[in-house]
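Architecture and fold: a report
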Amino acid sequence: MADQPYYLTTPIYYVNDKPHIGHAYTTLACDVLARFHRLDGDDVHFLTGTDEHGQKVEKSAQAAGVDPQAFTDQVSQNFRRLAEDMNYSNDDFIRTTEPRHIEATQALWRKIRDNGHIYLGHYEGWYAVRDEAFYAESELTKDDNGNKVAPSGAEVEWVKEPSYFFDLSKWQQPLLDYYDANPDFIGPDTRRNEVVSFVAGGLDDLSVSRTSFKWGIPVPDDPEHIMYVWLDALNNYQTAVGYPDTESSLYSKYWPADLHMVGKDILRFHAVYWPAFLMAADLAPPKRVYAHGWLLNRGEKMSKSLGNVVTAGDLVDRYGLDPVRYYLLREVPFGQDGYISHETMVGRINSDLANDLGNLAQRVLSMIVKNCDAKVPQPQALTADDTTIIAAATDVLAAVRGEFERQAFHRGLEAIWKIVGDANRYVDAQAPWELRKTDPERMATVLFVLADVIRRLAILVQPIMPDAASAMLDQLAIAEDDRTFAALGADPAVVPGAELPKPSPVFPRYVDDETAA
Ligand code: MSP
């Protein structure tokens, strides 16, 4: 349906660190979905931003010797720059230190409090600053040095301070009911099962304020306390669409969010705490939370301390932006952990991009320029082979849509590349270079069909590789307005007689320096 609102969000990233490829990966997946939905005619709102409060950021600022606001101003810029460098099409960029967010989050607190779900108490227990999370003794293990660590490996410290609590324990049944009534709320299914059994095991009330440091949003009417950074951070999703003004046009259009995309490390916050906070404030929980896996470098999670951090810039400088965007979503099945490596990157660039799609476009367009006076040829009656390949390149959209709706990007891309393969086989079977001598009219028809199949493929890959797709569509003289999914099935497609520019390869081969030497 056209103009359907579609609101999707990335996690907001901690500003204690420079962005690396793991951060780029989550936002890339969202960017692809945002672009896909726009091409499908939806009214998209795509949000990303930075998480700027809490002890972890405060400590990083101290270590850098600057005050936290100046520190966050600076580090937040790195994430904005990442959005530009990766060609993300986010509609908004939120920072939790903005006045709009402080106001929205204090309003949420008041609402939950006035509804009777927050009480004053005393917290005593383990806290991991790196995760900004509380842990029970039973969840901890010991590291090689005998220190207690959280399941994530983060160091824990004993915290003892006055604290407000949220009555999370009372939300066990409403949450289980919500999961039950909304089977698509959590994806993938394995993660959904983990969350359901965690909640079924019982929930403790949650400490939602801190008093031992200052860098956070003051609790309304008790400024000795600052809010727990996760309550603050999660509410960014509402702030950006106008909360607390629930009557505003943005909020009424976009809330509840269609999708919160997160890494598997932060699913519990999004699939347990967040819907509980919202229900406690009489607000609707999001429609879906999807937890993807980790990108691993040489088999290990990337971290500053391991010294194996890869940045998006490192990859883009070496391989080019669109190839990196393609590779990250094609190589690793989304939802699972996966490795990235130079070898698999080069493999994808040279086979999927340069050989399969790039070469298809380059050889067909060159033949048209050379043999058809650089104009889209006029076709004769189409054969069954012609209509079959055109139909396949059109029908694949529905399959891709289905896969992308389940965040199975790798399978959506596989479906597109199956058509690329079919198109290459069609070229070989029809052998237009031979038809040139034996049957020029049939050659013209074959090249017309191929130009039209390439047009459809280029329209389909726009969300993944916007620049490369646009270059391909330019080479086919397709007008800007004719690049949506609605235009994909249009007939006539490429316009016979349209003049084409001289083609240049869109996907160059990657030649390894060492191999070349
Ligand atoms: N600030 C919180 C999120 C608050 S959302 C209301 C946070 N920030 S973070 O900077 O640590 O970013 C976490 C997210 O970055 C992960 O959930 C994941 O989406 C992404 N990734 C960070 N490292 C990653 C990999 N190595 N691989 C894949 N994604 C990873 O948690």
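Residues numbered from 1 in each chain as written. Predicted model: local features only at pLDDT ≥ 70, side-chain atom pairs only at ≥ 80, totals over all residues. Heavy atoms only, no water.

**A look at the overall build of the protein**
Test applied: Runs of H or I in DSSP of at least four residues are treated as helices and runs of E of at least two as strands, each being numbered from the N terminus. Only C-alpha atoms enter the radius of gyration, while the globule expectation follows 2.2 Å times N to the 0.38, with N the number of residues. Note on exposure labels: buried denotes an accessible area under 20% of the residue type's maximum, exposed denotes more than 50%, and partly exposed covers the range between, all computed with a 1.4 Å probe on protein chains only. The contact criterion used is simple: two residues touch if any of their non-hydrogen atoms lie within 4.5 Å. Only the protein chains shown count as cover for residues, with accessible areas throughout obtained via the Shrake-Rupley method and a probe of 1.4 Å. In this tally Asp and Glu are treated as negative and Lys and Arg as positive; neither His nor the chain ends contributes. Positions of charges follow a simple convention, taking NZ of Lys, CZ of Arg, CG of Asp or CD of Glu.
Helix and strand content of the protein: 20 helices and 18 strands. Radius of gyration (C-alpha) of the protein: 26 Å, near the 24 Å computed for a compact globule of 517 residues. Along the first, second and third principal axes, the C-alpha atoms of the protein reach 90 × 55 × 40 Å. Expressed as a percentage of the 517 residues in the protein, the buried residues total 58%. The contacts in the protein between residues at least 6 apart in sequence include a share of 76% that link residues at least 24 apart. Here the protein displays about 21,500 Å² of accessible surface, and carbon together with sulfur accounts for 49% of that area. Seen as two clouds, the 49 positive and the 77 negative side-chain charges of the protein have centres 3 Å apart.

**Focus: the site of the ligand**
The criterion, for reference: Whether a residue is near a molecule or strand depends on its heavy atoms: it is near if one of them lies within 4 Å of it. Each polar contact in these results corresponds to two N or O atoms within 3.5 Å; when the atoms are within protein, one needs to be able to donate a hydrogen and the other to accept it, and residues that are neighboring in sequence are counted only if both atoms are side-chain atoms. Three categories are distinguished: nonpolar for Ala, Val, Leu, Ile, Met, Phe, Trp, Tyr, Cys and Pro, charged for Asp, Glu, Lys and Arg, and polar for the others, with Gly belonging to the last.
Near the ligand you find 24 residues, and of these I12, T26, D51, W294 and L295 are the closest. In this structure, G263 approaches the ligand through a main-chain N or O atom, which is 3.0 Å from an oxygen atom. Within the backbone of L295, one N or O atom sits 2.9 Å away from a nitrogen atom of the ligand. Contributing elements (two or more residues each) for the shell around the ligand: β2 (13-14), α1 (21-39), α7 (229-234), α8 (236-239) and β14 (259-263). Of the residues forming the shell around the ligand, the biggest block, four residues, is contributed by α1. Residues of the shell around the ligand, tallied by class, amount to 13 nonpolar, nine polar and two charged.

**Things to note about the side chain of H342**
Along the chain, the position of H342 falls in helix α13 (residues 342-371). Classification of H342 by relative accessible area gives buried; the value is 18%. In this view, H342 contacts R318, Y319, Y510 and D512; residues no more than four positions away in its chain are not counted.

**Quick word on the layout of surface pockets**
Spelled out, the test is: Using only the protein atoms, space was sampled on a 1 Å grid; points where a 1.4 Å probe fits but cannot get out form cavities, open sets with protein on both sides within 12 Å along at least five of seven lines form pockets, and lining residues are those with an atom within 4 Å of a point. Grid points are joined across faces, edges and corners, and a volume is the space filled by probe spheres set on the points. Domain delimitation in this document rests on an assignment produced automatically or drawn from a domain database.
Taken as a whole, the second largest pocket holds about 680 Å³ of empty space. For the second largest pocket, the lining is made up of 31 residues, of which R288, F404, E405, R406 and Q407 are closest to its centre. Elements represented by at least two residues in the lining of the second largest pocket include exactly α1, β10 (186-187), α14 (384-405) and α15 (409-430). Residue assignment places the lining of the second largest pocket across two domains, with domain 1 (5-292) and domain 2 (342-489) each supplying three or more.

**Here's the deal with the pairing of strand β1 (residues 5-9)**
Rules: The rule for pairing is simple: two strands pair if DSSP sees at least two bridges between them.
Of all five residues making up β1, four are buried, and the element is well covered by its neighbours. Relative to strand β3 (residues 43-51), β1 runs parallel, the two being bridged by five bridges. From the neighbouring strand, L8 faces β3, where its bridge partner is F46. Across two bridges, β1 lies against β14 in parallel orientation. Considered in β14, the bridge of L8 is made with L259.

**Focus on the packing of aromatic side chains**
Between two aromatic rings, the relevant description is the distance of the centres plus the angle of the planes. Under the convention used in this document: Side-chain rings of Phe, Tyr and Trp (the six-membered ring for Trp) are treated as a pair once their centres are within 6.5 Å; stacked means planes under 30 degrees apart, edge-to-face means over 60, and tilted covers the remaining angles. Geometrically, a lysine NZ or arginine CZ counts as sitting over a ring once it is within 6 Å of the ring centre and also within 35 degrees of the ring normal.
By the definition in use, this model includes 26 aromatic pairs. Judged by centre distance (5.5 Å) and plane angle (5 degrees), the rings of Y13 and F79 are stacked. Separated by 66 residues along the polypeptide, Y13 in strand β2 and F79 in helix α3 (residues 68-85) bring together distant segments of the chain. The buried category is assigned to Y13, whose relative accessible area is 7%. Aromatic ring contacts, followed pair by pair, group Y7, Y237, Y243, Y251, Y254, W255 and W274 into a single cluster. Sitting over the ring of Y127, R210 keeps its end group 4.4 Å from the ring centre. Directly above the aromatic system of F198 lies the positively charged group of R268, at a separation of 3.7 Å from the ring centroid.

**A closer look at the sheet that holds strand β9 (residues 157-166)**
Taken in spatial order, the four strands of this open sheet run β6-β5-β9-β11, and their pairing is antiparallel. On the outer flanks of this sheet lie β6 (133-135) and β11 (206-207), each paired with one strand and no other.

**Considering the packing of helix α12 (residues 321-331) against α15**
Here is the rule: Convention adopted: a line fitted to C-alpha atoms gives each axis, helices being fitted over their contacting stretch, and angles between N-to-C directions are expressed from 0 to 180 degrees. The cut-offs work like this: below 35 degrees is roughly parallel, past 145 is roughly antiparallel, 65 to 115 is roughly perpendicular, and the gaps in between are oblique.
At a minimum axis separation of 7 Å, α12 and α15 run at an interaxial angle of 110 degrees. Between α12 and α15, the crossing angle belongs to the class labelled roughly perpendicular. Judged by residue contacts, Y326, L329 and R330 of α12 engage F409, H410, L413, E414 and W417 from α15.

**Focus: the packing of helix α11 (residues 312-319) against α12**
In a pair of packed helices, the angle between the axes and the distance between the axes together describe the arrangement. Formally: Put simply, a crossing is left-handed when the front helix is turned counterclockwise from the back one by less than a right angle, and right-handed when it is turned clockwise.
Between α11 and α12, whose axes approach to 7 Å, the crossing angle comes to 120 degrees. As far as their axial angle goes, α12 and α11 are oblique. Seen along the crossing, α11 lies across α12 with a hand that is right-handed. Across the interface between the two elements, L315, V316 and Y319 from α11 touch L321, P323 and V324 from α12. Of the residues assigned to the contact of α11 with α12, the class counts are six nonpolar, no polar and no charged.

**A closer look at the pattern of salt bridges**
The line we're drawing: By definition, a salt bridge exists where a carboxyl oxygen of Asp or Glu is found within 4 Å of a side-chain nitrogen of Lys or Arg.
Within this structure, the stated rule accounts for 34 salt bridges. Each member of the salt-bridge network shares a partner with another, and the members are D31, R35 and R325.

**As for the nonpolar core**
Definition in use: Buried Ala, Val, Leu, Ile, Met, Phe, Trp, Tyr and Cys residues that are joined via side-chain atoms within 4.5 Å together make up what is termed a nonpolar core.
Core analysis: the largest hydrophobic core is formed by 97 residues, its most contacted members being L329 and W417. Tallying contributions element by element places helix α17 (residues 440-461) first for this core, with 14 residues. Two domains each provide a minimum of three residues to this core, namely domain 1 (5-292) and domain 2 (342-489). Core analysis: the next-biggest nonpolar cluster, separate from the first, contains 74 residues, I12, Y164, I217 and V229 among them.

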